[in-house]
Amino acid sequence: MAGEMSVFERSLNSIVEAFHQYSRREDNNDTLNKKEFKLLMQKELPSYLKKVDRNEDGKDVVKDIMEDLDTNLDNELSFEEAIMLFSRVINASHETMHQGHHRGHDHSHGPGLGQGSQAR
Ligand SMILES: [Ca+2]
Ligand SMILES: [Ca+2]
Ligand SMILES: [Zn+2]
């Protein structure tokens, strides 16, 4: 039985698929090593990376983010560990949409992270 997936369900599945495009490159197919994670950040989340990278001398932001997410300390990110980052990125994008836009009842959105000319 092939029911139509909702936009919401399709978006969530796309995140899972995007994760695996990187996780299956090397080593364990279901987890990201440092190299895979770095590539995912650079190719898929450049706007977020730019936002969090404060260009402090010699600071490896990707390494810091990875260490923060790797809660079982095995130097690999499982999907479960990585979604903590995706949740932060979605949140940052929503925050960006509200810069100069209403919240609450008459709630409106501007462009999100990486969208339109506001993206920095
Ligand atoms: Ca892998
Ligand atoms: Ca881990
Ligand atoms: Zn909103």
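- The name an unreviewed UniProt entry assigns to the protein is Protein S100-A9, from the organism Fukomys damarensis.

### Considerations on the coordination of the calcium ion (ligand 2)
Reference values for coordination geometry: four tetrahedral donors around a metal ideally subtend 109.5 degrees, six octahedral donors ideally subtend 90 or 180 degrees.
Logical step 1: Surrounding the calcium ion (ligand 2) are the protein donor atoms Asp70 (OD), Asn72 (OD1), Asp74 (OD), Glu76 (O), Glu81 (OE) and Glu81 (OE), at 2.3 to 2.6 Å.
Logical step 2: Taken together, the six donor atoms surrounding the calcium ion (ligand 2) define angles of 52 to 155 degrees at the centre, an arrangement classified as irregular.
Logical step 3: Residue classification places asparagine 72 among the partly exposed positions, given a relative accessible area of 48%.
Logical step 4: Here glutamate 76 falls in the buried class, since its relative accessible area comes to 15%.

### Some remarks on unusual backbone geometry
Logical step 1: Non-glycine residue aspartate 27 carries a positive phi angle of around 50 degrees.
Logical step 2: For aspartate 27, a relative accessible area of 57% puts it in the exposed group.
Logical step 3: Unlike most non-glycine residues, leucine 73 shows phi in positive territory, near 55 degrees.
Logical step 4: On the secondary structure map, leucine 73 appears in the loop between α4 (61-69) and α5 (79-97).

### Considering the coordination of the zinc ion (ligand 3)
Logical step 1: The zinc ion (ligand 3) binds to the protein through His94 (NE2), His98 (NE2), His107 (NE2) and His109 (NE2), with metal-donor distances spanning 2.1 to 2.2 Å.
Logical step 2: Viewed at the metal, the four donor atoms of the zinc ion (ligand 3) are separated by angles of 91 to 161 degrees, and the geometry they form is irregular.
Logical step 3: Among the residues examined, histidine 107 registers a relative accessible area of 42% and is labelled partly exposed.
Logical step 4: For histidine 109, a relative accessible area of 43% gives the class partly exposed.

### So, the nonpolar core
Logical step 1: Core analysis: the largest hydrophobic core is formed by 21 residues, its most contacted members being Leu32, Phe37, Met41, Leu45, Tyr48, Ile65 and Leu85.
Logical step 2: Of all the secondary-structure elements, those providing two or more residues to this core are α1 (7-23), α2 (34-44), α3 (46-52), α4 and α5.
Logical step 3: Discounting residues that sit within four places of it in the chain, methionine 41 has contacts with Pro46, Tyr48, Leu49, Val62, Ile65 and Leu85.

### Some remarks on α2
Logical step 1: Looking at α2, one finds that the buried residues are Glu36, Phe37, Leu40 and Met41. End-on, the buried residues of α2 take up no more than an arc of 135 degrees, which puts them together on one face. Residues of α2 that are exposed and angled more than 90 degrees away from the buried face: Lys35 and Lys43.
Logical step 2: Residues of α2 that are buried in the fold lie against α1, α3, α4 and α5.
Logical step 3: A side-chain oxygen of the first residue of α2 lies 3.1 Å from the backbone nitrogen of lysine 35; this N-cap is asparagine 33.

About the criteria used
- Residues numbered from 1 in each chain as written.
- Chains lettered and ligands numbered in written order.
- Predicted model: local features only at pLDDT ≥ 70, side-chain atom pairs only at ≥ 80, totals over all residues.
- Heavy atoms only, no water.
- Donors = N, O, S within 2.8 Å, 3.2 Å for Na, K, Ca; no water.
- Tetrahedral: all angles 85-135°; square planar, octahedral: opposite > 155°, others 65-115°.
- Buried < 20%, exposed > 50% of the residue type's maximum accessible area, 1.4 Å probe, protein only.
- Helix = DSSP H or I, 4+ residues; strand = E, 2+ residues; numbered from the N terminus.
- Core = buried A, V, L, I, M, F, W, Y, C linked by side-chain atoms within 4.5 Å.
- Contact = heavy atoms within 4.5 Å.
- Arc of directions from axis to C-beta.
- Polar contact = N/O pair within 3.5 Å; in protein donor to acceptor, adjacent residues only side chain to side chain.

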